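# Residue-level structure breakdown
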Amino acid sequence: MSLNTPLKDVRGLGSAKDGTTHFWHQRLTALALVPLVGWFIVSLVCLSGANFDEARSFLEQPLNAILMAALIVAGLYHMKLGLQVVIEDYVHGTAAKYVLLILNTLGSALLALAGLYSILTIGLGG
Amino acid sequence: MAEKTSRPLSPHLQVYRPQISSMLSIAHRAAGVGLAVGALFLVCWLMALAAGAAQYDAVMAFGGSIIGRLMLFAFTAAINYHLLNGIRHLFWDMGKGFSIPAMTRSGIAVLVGAVALTLIEWALAYGMGA
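A brief structural summary. All figures in this text were calculated on a predicted structure; none of them were measured in a lab.

Conventions adopted
Residues numbered from 1 in each chain as written. Chains lettered and ligands numbered in written order. Predicted model: local features only at pLDDT ≥ 70, side-chain atom pairs only at ≥ 80, totals over all residues. Heavy atoms only, no water. Helix = DSSP H or I, 4+ residues; strand = E, 2+ residues; numbered from the N terminus. Rg over C-alpha atoms; globule rule 2.2 N^0.38 Å. Buried < 20%, exposed > 50% of the residue type's maximum accessible area, 1.4 Å probe, protein only. Contact = heavy atoms within 4.5 Å. Areas by Shrake-Rupley, 256 points an atom, 1.4 Å probe, with all protein chains shown as cover. Lys, Arg positive; Asp, Glu negative; His and termini not counted. Charge placed at Lys NZ, Arg CZ, Asp CG, Glu CD. Axes fitted to C-alpha atoms, helices over the stretch in contact; angles between N-to-C directions. Parallel < 35°, antiparallel > 145°, perpendicular 65-115°, else oblique. Left-handed = near helix turned anticlockwise from the far one by under 90°. Nonpolar A, V, L, I, M, F, W, Y, C, P; charged D, E, K, R; others polar. Patch = residues over 30% accessible without salt bridge, like charges linked within 9 Å, V, L, I, M, F, W, Y side chains within 5 Å. Salt bridge = Lys/Arg side-chain N within 4 Å of Asp/Glu carboxyl O. Phe/Tyr/Trp six-rings, centres within 6.5 Å; stacked < 30°, edge-to-face > 60°. Lys NZ or Arg CZ within 6 Å of the ring centre and 35° of its normal. Polar contact = N/O pair within 3.5 Å; in protein donor to acceptor, adjacent residues only side chain to side chain. Core = buried A, V, L, I, M, F, W, Y, C linked by side-chain atoms within 4.5 Å. Arc of directions from axis to C-beta.

## A few points about the overall build of chain A
Along its length, chain A carries five helices and zero strands. For chain A, the N- to C-terminal ordering of α and β elements is α-α-α-α-α. Since a compact globule built from 126 residues should have a radius of gyration of about 14 Å, the 19 Å found for chain A marks it as more spread out than a globular shape. Here chain A holds 126 residues, and the buried ones make up 42% of them. Within chain A, contacts between residues separated by at least 24 positions form 70% of all contacts whose residues are at least 6 apart in sequence. About 7,200 Å² of surface is accessible on chain A, with carbon and sulfur atoms providing 73% of the total. In chain A, 7 side chains carry a positive charge and 7 a negative one; their mean positions are 14 Å apart.

Structure representation (structure tokens):
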């Protein structure tokens, strides 16, 4: 039995505007990021002071390229979700809120595309 | 959508003493926002690596500068803290560790762990020739 009033039904599912999706996706990406960030930190330490060729060879290896791509996708989506709640919490009811939320979504997507493009370029020897 | 109202908010900062629960919670959010900035730089690094040696060397030169190293240090500190505190959150999501003593213990463990991880990573990085 839904506890929603008809207006609530029309307005959309709670403050995230999409029910529990935001919560679950945040946790899912968090779970994926635990091993991915672990790998990332280890790689970062190993790549300390690496020159161009060393860094390139690292990312040319398929496993590293795939894990980096996974980190980009999961990480930037997790970031988008997190920044979304920060904006929703601190920016109120004005046009600024919507502009920021839209910039967050589009900006995160653009960053992800840029990251994936770069990984592909390196992997394909460009 | 609610328009901006001028209704008063329940006081919180003026009322509650800083506690490990609230301080670690806002630190988690602050670290997250800091990591968002760091993500920007990570993508820049990837793009530079894809673009060519000149661009890569320029990015690495910035990374080696004083301000670059400070930013990197802040980034690693944020990532270590956000990772460990995030795992703490995931345990809460499973319903575990909600008692005040457990929350305090896990909070201290996260802080100690984050500091330790950051120091270890930097010691190793300098050892590798940063």
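There is more to say, and it comes next.
## Some words on the overall build of chain B
Of the regular secondary structure elements, chain B holds four helices and zero strands. Mapped in sequence order, the helices and strands of chain B form the string α-α-α-α. Dimensions of chain B, computed from the C-alpha atoms along their principal axes, are close to 55 × 40 × 30 Å. Looking at chain B as a whole, 31% of its 130 residues are labelled buried. Taking all contacts inside chain B whose residues are at least 6 apart in sequence as the whole, residues at least 24 apart take part in 72%.

## Concerning the packing of helix 4 (residues 62-90) of chain A against helix 1 (residues 20-51) of chain B
The geometry of helix 4 of chain A relative to helix 1 of chain B is characterised by a closest axis approach of 10 Å and an angle of 135° between their N-to-C directions. Judged by the angle between their axes, helix 4 of chain A and helix 1 of chain B are oblique. For the pair helix 4 of chain A and helix 1 of chain B, the sense of crossing is left-handed. Residues Met68, Leu71, Ile72, Leu76, Met79, Leu83, Val85, Val86, Asp89 and Tyr90 of chain A of helix 4 of chain A lie in contact with helix 1 of chain B, whose contacting residues are Ile26, Arg29, Val33, Ala36, Ala39, Leu42, Val43 and Leu46 of chain B. A class-by-class count of the residues in the contact of helix 4 of chain A with helix 1 of chain B yields 16 nonpolar, no polar and two charged.

## Things to note about a nonpolar patch on the surface
On the surface, a cluster of nonpolar side chains totalling about 520 Å² of accessible area is made up of Val37, Leu40, Phe41, Phe62, Ile67 and Met71 of chain B. Elements with a contribution of two residues or more to the nonpolar patch: helix 1 and helix 3 (66-93) of chain B.

## Some details on the packing of aromatic side chains
Here a ring pair, both rings aromatic, is described through the centre-centre distance and the interplanar angle of the planes. All chains considered together, the criterion is met by seven aromatic pairs over all chains. Each residue in the set Phe52 of chain A together with Trp45 and Tyr56 of chain B is aromatic and connected to the rest through ring pairs, giving one cluster. Between Arg27 of chain A and the ring centre of Phe23 of chain A, over which it is positioned, the NZ or CZ distance is 3.8 Å.

## Side note on the interface of chain B and chain A
Taken together, the contacts link 36 residues of chain B with 44 residues of chain A. We note a salt bridge from Asp89 of chain A to Arg29 of chain B, for which the minimum N-O separation is 2.6 Å. Taken together, the links from chain B to chain A amount to six residue pairs in polar contact (both at pLDDT 80 or more). Of all the secondary-structure elements, those providing two or more residues to the side of chain B that touches chain A are helix 1, helix 2 (53-64), helix 3 and helix 4 (100-127) of chain B. Sort the elements by how many residues they give to the side of chain B that touches chain A and helix 1 of chain B lands first, with 14 residues. In terms of residue class, the side of chain B that touches chain A is built from 27 nonpolar, four polar and five charged.

## A short note on the environment of Phe58 of chain A
Residues and elements named next belong to chain A. Mapped onto the elements, Phe58 comes out in helix 3 (residues 52-60). Residue Phe58 is classed as buried on the basis of its relative accessible area, which comes to 15%. The residues touching Phe58, leaving out its near neighbours within four places in the chain, are Trp39, Ser43, Leu47 and Asn64.

## Quick look at the nonpolar core
Core analysis: the largest hydrophobic core is formed by 45 residues, its most contacted members being Phe40, Leu59, Met68, Leu71 and Ile72 of chain A together with Trp45 and Leu49 of chain B. Put simply, the parts of the chain that give this core at least two residues each are helix 2 (21-46), helix 3, helix 4 and helix 5 (95-123) of chain A together with helix 1, helix 3 and helix 4 of chain B. If one sorts the elements of this core by residue count, helix 1 of chain B sits on top with eleven residues. Apart from the residues lying within four places of it in its own chain, the contact partners of Phe40 of chain A are Met68 and Leu71 of chain A together with Leu42, Phe75 and Ile79 of chain B.

## Quick word on helix 3 of chain A
Within helix 3 of chain A the residues assigned to the buried category are Phe52, Ala55, Arg56, Phe58 and Leu59 of chain A. In a view along the axis of helix 3 of chain A, the buried residues occupy a sector of 160°, so they form one face of it. On its buried face, helix 3 of chain A is in contact with helix 2, helix 4 and helix 5 of chain A together with helix 1 and helix 2 of chain B. Where helix 3 of chain A starts, the residue carrying a side-chain oxygen 3.1 Å from the main-chain nitrogen of Asp53 of chain A turns out to be Asn51 of chain A.

Just geometry here; none of it tells us what the structure is for.
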